Amino acid sequence: MMALAQMAEAVLRTADGREKTALSRQYAAEWQAARARGETPETGSAEPPMHPARPEKPQLLSPRDVPRRRPGTPEGRIALLHAVAHIELNAVDLHWDVIARFGHVRMPMGFYDDWVKAADEESKHFNLMCDCLEEMGSFYGALPAHAGMWRAAEDTAEDFMGRLAVVPMVLEARGLDVTPGMIEVFKKAKAGSAVAALETIYAEEVAHVAYGSKWFHFLCGRHEHDPKERFHTLVRQYFHGPLKPPFNEEKRAEAGIPPDFYWPLTEDV
C-alpha cells in the first residue's frame, strides 16, 4: 500500500474529474480497510503541485465574468448544479492537498481518518452532481466556471492553521448557509434527483466543517493559542473581504463554530 501522502499527490495529478474521483475513492477505501483491520498505515511525505491537474473544460473565468443565470429556468438550474460540481471537484483536491502538503506536521491518526473520509465524500458529491447534470442533458465542463476556487489553497500553502481556518471553517461553512436555498429551488422544480443529491451534500458537509474546527482547536491547544483570536487573525490575513450573513447558525453550531467566531468578521477591519 502506498503512503497516504503519495496517494494524495496521485489524486492531485489526475486531471479528469471522473478519473480523479475514482482514484480518490479507491485510495480512501484502501486506507479505511487498513484502519478497520487495526493497522497504522504510513502517512509519508509528498511533493504536491501548487495547482492540481484539471480537465481542459470547463473554461475558468474571473468570478465577475462567469455568466449569471436565473435559477427559475432549466438553464439556470443546470448552471447552479455545474457551479456546485466545480466546488466539489475543488473540495476533493483541497482535502487531499492538506494531506500531501502538510505531511511534515505530526498529527494523530484520527486527523488522517477524518480527512480521507471527507475527501471520499467530496468525490461522491462531485459524481452526484455530474449524474444530475447528465440527467438534465448537460455535463461538467459544458459551462465556464470560477477561476478563483484554488486561491485559498495558494494563500495558505505554507500555513496549516490558516488552511484549516479558511477552507473548512469559512468556505465549507458557507456551503451550510446557502445549500438549503438551493434545495428549495430544485424542490420547486420537482427535480427529485437534484434534491436528493443536495440533501446528501448538506448532511455530510456539516461533518467536514466539524473536522476543520476540531483540528484547528487541536493545533491551537498544541501552540497555546486562543482559538477565537487566532481564527479572527488568520481569516483577516487570508480571506479576501468580510464574511457575509445570513448564517446558518444552527448547522454552524453543530459543526463546532459558535457565532462569536464569525459575526465579528462581517465587517472589514
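This structure is a prediction, so every number in the text was calculated from the model and none was measured. (Residues numbered from 1 in each chain as written. Predicted model: local features only at pLDDT ≥ 70, side-chain atom pairs only at ≥ 80, totals over all residues. Heavy atoms only, no water.)

**Q** I'd like a description of the overall build of the protein chain, backed by residues and values.
**A** The secondary structure content of the protein chain amounts to 10 helices and 2 strands. Reading the helices (α) and strands (β) of the protein chain from amino to carboxyl end gives α-α-β-α-α-β-α-α-α-α-α-α. A compact globule built from 269 residues would reach a C-alpha radius of gyration of about 18 Å, and the protein chain, at 18 Å, matches this within 12%. Viewed in the frame of its principal axes, the protein chain has a C-alpha envelope of about 50 × 45 × 30 Å. Relative to its 269 residues, the protein chain shows a buried fraction of 48%. (Helix = DSSP H or I, 4+ residues; strand = E, 2+ residues; numbered from the N terminus. Rg over C-alpha atoms; globule rule 2.2 N^0.38 Å. Buried < 20%, exposed > 50% of the residue type's maximum accessible area, 1.4 Å probe, protein only.)

**Q** Quick one: what's the story with unusual backbone geometry, residue by residue and with numbers?
**A** In this structure, P58 follows K57 across a cis peptide bond, with omega equal to 10°. Looking at where P58 falls in the secondary structure, it is placed in the loop between α2 (17–36) and β1 (60–61). With an omega of 5°, the peptide bond running from P245 to P246 counts as cis. The residue K190 is not glycine, and still its phi comes out positive at about 55°.

**Q** I'd like to hear about the environment of W96, residue by residue, with values.
**A** As for its position among the elements, W96 is in helix α3 (residues 74–101). In this structure W96 comes out as buried when scored by relative accessible area, which is 0%. On a C-alpha basis, the gap between W96 and A8 in space is 4.9 Å, while along the polypeptide they are 88 residues apart. When sequence neighbours within four positions are dropped, the list of residues in contact with W96 reads L4, A8, V11, L12, S24, Y27, A28, V116 and A119. Polar contacts involving the side chain of W96 include one to the side chain of S24, which spans 2.8 Å. (Contact = heavy atoms within 4.5 Å. Polar contact = N/O pair within 3.5 Å; in protein donor to acceptor, adjacent residues only side chain to side chain.)

**Q** Please provide a residue-by-residue account of the nonpolar core, values included.
**A** Core analysis: the biggest nonpolar cluster contains 77 residues, and W96, F160, F216 and F231 have the highest contact counts within it. Apart from residues no more than four positions distant in its own chain, F216 is found in contact with M161, L164, A165, M169, P227, R230, F231 and L234. (Core = buried A, V, L, I, M, F, W, Y, C linked by side-chain atoms within 4.5 Å.)

**Q** Outline the side chain of E122, listing residues and values.
**A** Within the secondary structure, E122 is located in helix α4 (residues 109–135). One buried charged side chain, E122, makes no salt bridge at all; its nearest oppositely charged neighbour is K124, positioned 9.8 Å away. Here the side chain of E122 touches H208 through a polar contact of 3.0 Å, side chain to side chain. The residues touching E122, leaving out its near neighbours within four places in the chain, are E88, A91, V92, H95, E172, E205 and H208. (Lys, Arg positive; Asp, Glu negative; His and termini not counted. Salt bridge = Lys/Arg side-chain N within 4 Å of Asp/Glu carboxyl O.)

**Q** Lay out the pattern of salt bridges with the relevant residues and their values.
**A** Overall, the coordinates contain 20 salt bridges when judged by the stated rule. Across the salt bridge formed by R151 and D155, the nearest N and O atoms sit 3.8 Å from each other. Separated by 4 residues within a single helix, R151 and D155 lie in helix α5 (residues 151–155), roughly one turn from each other. Overall, the relative accessible area of 29% leaves D155 in the partly exposed class. With a shortest N-O distance of 3.3 Å, K251 and E254 are connected by a salt bridge. Linking K251 with E254, this pair stays in helix α9 (residues 249–254), spanning 3 residues, or about one helical turn. Looking at E254, the relative accessible area reads 49%, which means it is partly exposed. Residues joined in a network through salt bridges with shared partners are R18, D131 and E134.

**Q** Which residues make up α4, and what values go with them?
**A** Its 27 residues place the ends of α4 39 Å apart at the C-alpha level, agreeing with the 39 Å of an ideal helix rising 1.5 Å per residue. Of all 27 residues making up α4, 19 are buried, and the element is well covered by its neighbours. Just downstream of α4, G137 is the residue with a positive phi angle, here 85°. (Expected span 1.5 Å × (residues − 1).)

**Q** Explain the environment of E229 to me, using residue names and the numbers behind them.
**A** Turning to its location among the elements, E229 is positioned in helix α8 (residues 227–238). For E229, a relative accessible area of 56% corresponds to the exposed category. Note: C-alpha distance between E229 and F261 (32 residues apart in sequence) is 8.4 Å.

**Q** Describe the state of the cysteines, with residues and values.
**A** What the rule picks out here adds up to 0 disulfides. You can see C130 has no disulfide; the closest cysteine sulfur is in C132, sitting 9.4 Å from it. (Disulfide = S-S within 2.5 Å.)

**Q** Account for the environment of F239, with residues named and values stated.
**A** In this fold, F239 is placed in the loop between α8 and α9. For F239, a relative accessible area of 23% puts it in the partly exposed group. Spatially, the C-alpha atom of F239 lies 20 Å from that of V84, the residues being 155 residues apart in sequence. Once residues lying within four places of it in the same chain are set aside, the contact partners of F239 are V166, V170, L171 and L234.

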